[in-house]
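# Coordinate analysis (summary)
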2 protein chains.
Amino acid sequence: MADRLGIVAGCGELPRHLVECCRATGRDVFVLALEGAAERAMVEGVPHAWCRLGAAATGLALLRENHVTELVLAGGIRRPSLSALRPDWRAAKLFARIGYRALGDDGLLSAVVKELEEEGFRVVGADQLLDQAFVAEGPLGRVRPDQQALADIECGLRVARTLGALDVGQGVIVQQGLVLGVEAIEGTDELLRRCAALRREGPGGVLVKVEKPGQESRADRPTIGLRTVLLGAETGLRGIAVEANATIVLDRDEVIRAVDRAGLFLVGLGRS
Amino acid sequence: MADRLGIVAGCGELPRHLVECCRATGRDVFVLALEGAAERAMVEGVPHAWCRLGAAATGLALLRENHVTELVLAGGIRRPSLSALRPDWRAAKLFARIGYRALGDDGLLSAVVKELEEEGFRVVGADQLLDQAFVAEGPLGRVRPDQQALADIECGLRVARTLGALDVGQGVIVQQGLVLGVEAIEGTDELLRRCAALRREGPGGVLVKVEKPGQESRADRPTIGLRTVLLGAETGLRGIAVEANATIVLDRDEVIRAVDRAGLFLVGLGRS
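Quick caveat: nothing in here was measured; it's all calculated off a predicted structure.

Helices and strands together make up the secondary structure of chain A, namely 10 helices and 13 strands. Projected onto its principal axes, the C-alpha coordinates of chain A cover approximately 55 × 40 × 30 Å. Burial status across chain A gives 56% buried among its 272 residues. Summing over all exposed atoms, chain A offers an accessible surface of approximately 11300 Å²; the carbon and sulfur share of this is 51%. Here chain A contributes 34 positive and 37 negative side-chain charges, whose respective centroids are spaced 2 Å apart.

This is the structure:
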């Protein structure tokens, strides 16, 4: 039997999926739920404890007391300012060494992962735990992008890759060659909501989401799920294009049914 | 006496400023107000006509009938889809030649400027008409950026220049090293409103606005005015940094009084 898995849980649907996956495979689990981020419903009936983001010493102690050996960081966190974070001595020690403000999100996550490994935990990616985690290359579902959509995907990909290289965001929405919106820290859901008001007449836009080049792959994979598809349909999108073999899709079967029902395409983009 | 100036007016405050400037200098003016973009109040008491964006033949005829020889394109337009634009034969001819969807905003504006010149008009930039149009290098107003703000400006500048090179947008908001938001077609006002909800505790963010490298300088200069400052203060910004000798500042004296009153800095960035 595998060791006890610790799930450090932020917001979004990914932590819940990991808990369900562990339940299905009978794997022993402990959830360290981050205050202000993790969803209450997710930890119901699961061994768990709540912890402040800045309380690193408490968090580490909780993981050890609960015999966690393998760790997964799952779900987003809204990165606070240093003053709102109120780091305890353990977190302050880390930040003093790495610098908090100097690092982008990727740099910070990489440093946290490294620190956890130095503390003796084995850190794994969510994709290693989920079944069929990644979107494969090519279309999922029935609809295929047409010429205009392919051109929009290409445009979005160029912008998204450039932004990713700057550690800014993962997502871009393009409609008929126009970049309607670019994601920074507001997240993909907010980007989608905003672009609903900016859309033009005629063929709808495309959401393109890619992995940032320097992204710590064990901590912050691009993720899509049912919510992305439903919001996308409301936004008037024609489809969604994500990086293949890097983007986690949650509820794959439901997602495919939802895109088919909404008449959207969903494609995995190979590295070209 | 100079020839009659034609102002092709989109949205925002710039067209009104040009009208006022012509009034002050006694220059003869005719406003071609673009439907759905130009503000009604701006044309009151000024020789003008309204014109659809797609009605190029009508627009050209109106300019000729009103003896316009020199033209300025001023104010933003929300670029519509081709179907919403309903181009007349004259616009269709232009788009057939240049391609509408294939071009970014800059490419399209450059093509329009070139076309107007081929039609015999002299196209000038708004900065050539306004007095003291550009923000100079260094601070306007009393407040100076501190170390953290300078670091945020540098970060924003890197992102804004990269985005500009992709013809995406001009503006970026950075707080304590975090890119809170990136401007695409929603415009700077919307970017500011959105980032108010995303701000972190502690020292506020910085708005950085630069000229896109390929930007048609006679048609689409970055512009700031009183509204930018007031929205910036509401957003919790600490300051605004714009490209010196390229960014038009409207109501300079009022803007300086407003930043001083709000405790914001406003600096012109030299090319480094």
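Of the two same-sequence chains, chain B is brought onto chain A (RMSD 0.0 Å, axial shift 0.0 Å) by a rotation of 180°. Taken together, the rotation angle and the small translation identify this as a two-fold axis. Rotation axis and chain B: the residue whose C-alpha lies nearest the axis is Val182 of chain B, separated from it by 3.1 Å. Of all interface residues in chain B, 100% are interface residues in chain A too; the two copies therefore contact each other through one and the same surface.

Next up on the list: the pattern of salt bridges. All names here are of chain A. With the rule as written, the count across this model stands at 38 salt bridges over all chains. Note that Arg4 is salt-bridged to Asp28, the shortest N-O span being 3.4 Å. One end of the pair, Arg4, is in the segment before strand E1 (5–9); the other, Asp28, is in the loop between helix H1 (14–25) and strand E2 (29–34), with 24 residues separating them in the sequence. Judged by relative accessible area, Asp28 falls into the partly exposed class, the value being 34%. With its nearest N and O atoms 3.0 Å apart, the salt bridge here joins Arg122 to Glu70. With Arg122 in strand E5 (residues 122–124) and Glu70 in strand E4 (residues 70–74), the pair connects residues that are 52 residues apart, well separated along the chain. Residue classification places Arg122 among the partly exposed positions, given a relative accessible area of 41%. A relative accessible area of 11% means that Glu70 is categorised as buried.

A separate point is the interface of chain B and chain A. Every contact between the two is made by 33 residues of chain B and, on the other side, 33 residues of chain A. At the boundary of chain B with chain A, total buried surface from both sides reaches about 2900 Å², with 60% on carbon and sulfur atoms. Contributions of two or more residues to the side of chain B that touches chain A are made by helix H4 (82–85), helix H7 (147–165) and strand E8 (178–182) of chain B. Here the side of chain B that touches chain A is composed, by residue class, of 15 nonpolar, 8 polar and 10 charged.

Taken as a whole and judged by the stated rule, the model has 0 aromatic pairs over all chains. Over the ring of Trp50 of chain A we find Arg40 of chain A; its NZ or CZ atom is 4.2 Å from the centre of that ring.

Here we come to the packing of helix H9 (residues 226–234) of chain B against helix H10 (residues 252–262) of chain B. Residue and element names in this part refer to chain B. H10 packs onto H9 with a crossing angle of 10° between their chain directions and a minimal axis gap of 9 Å. In terms of orientation, H9 lies roughly parallel with respect to H10. The residues of H10 that touch H9, namely those facing Leu226, Val229 and Ala233, are Glu254, Val255, Ala258, Val259 and Ala262.

All right, on to the side chain of Arg252 of chain A then. Residue and element names in this part refer to chain A. Its place among the elements puts Arg252 in helix H10 (residues 252–262). Put simply, Arg252 is tucked away with no salt bridge, and the nearest opposite charge, on Asp253, sits 5.7 Å away. Those residues in contact with Arg252 that sit more than four places away from it in its chain are Gln132, Ala133, Phe134, Val135 and Leu140.

Next up on the list: the nonpolar core. Ranked by internal contacts, the top residues of the largest apolar core, which has 40 residues, are Val179 and Val182 of chain A together with Val179 and Val182 of chain B. Excluding its chain neighbours within four sequence positions, the residues that come into contact with Val179 of chain B are Val168, Ala184 and Ile185 of chain A together with Cys155, Val159, Val172, Ile173 and Val174 of chain B.

Residues and elements named next belong to chain B. When you line up the elements, Lys209 lands in strand E9 (residues 206–209). Nearest to the buried, unbridged Lys209 among oppositely charged side chains is Glu183, at 5.4 Å. What Lys209 contacts, discounting residues up to four positions off in sequence, is Gln170, Gly171, Thr188, Pro222, Thr223, Ile224, Ala241, Val242, Glu243 and Thr247.

Further remarks concern the sheet that holds strand E6 (residues 138–140) of chain A. Residue and element names in this part refer to chain A. In space, the 6 strands of this open sheet follow the order E6-E13-E11-E9-E7-E8, with mixed pairing throughout. The sheet is open, and its two edges are formed by E6 and strand E8 (178–182), each paired on a single side. Adjacent strand axes in the sheet meet at a mean angle of 25°, parallel and antiparallel pairs treated alike. Direction of pairing for strand E7 (residues 171–175) relative to strand E9 (residues 206–209): antiparallel, over a ladder of 4 bridges. Along E9, the bridge assignment pairs Val172 with Val208. Each of E7, E8, E9, strand E11 (239–243) and strand E13 (265–269) touches helix H7 (residues 147–165); the most contacted strand, E7, lies at about 150° to it.

Criteria and cut-off values
Residues numbered from 1 in each chain as written. Chains lettered and ligands numbered in written order. Predicted model: local features only at pLDDT ≥ 70, side-chain atom pairs only at ≥ 80, totals over all residues. Heavy atoms only, no water. Helix = DSSP H or I, 4+ residues; strand = E, 2+ residues; numbered from the N terminus. Buried < 20%, exposed > 50% of the residue type's maximum accessible area, 1.4 Å probe, protein only. Areas by Shrake-Rupley, 256 points an atom, 1.4 Å probe, with all protein chains shown as cover. Lys, Arg positive; Asp, Glu negative; His and termini not counted. Charge placed at Lys NZ, Arg CZ, Asp CG, Glu CD. Least-squares fit on C-alpha atoms with pLDDT ≥ 70 in both. Contact = heavy atoms within 4.5 Å. Salt bridge = Lys/Arg side-chain N within 4 Å of Asp/Glu carboxyl O. Buried area = accessible area lost by both parts, 1.4 Å probe. Nonpolar A, V, L, I, M, F, W, Y, C, P; charged D, E, K, R; others polar. Phe/Tyr/Trp six-rings, centres within 6.5 Å; stacked < 30°, edge-to-face > 60°. Lys NZ or Arg CZ within 6 Å of the ring centre and 35° of its normal. Axes fitted to C-alpha atoms, helices over the stretch in contact; angles between N-to-C directions. Parallel < 35°, antiparallel > 145°, perpendicular 65-115°, else oblique. Core = buried A, V, L, I, M, F, W, Y, C linked by side-chain atoms within 4.5 Å. Pairing = 2+ DSSP bridges.

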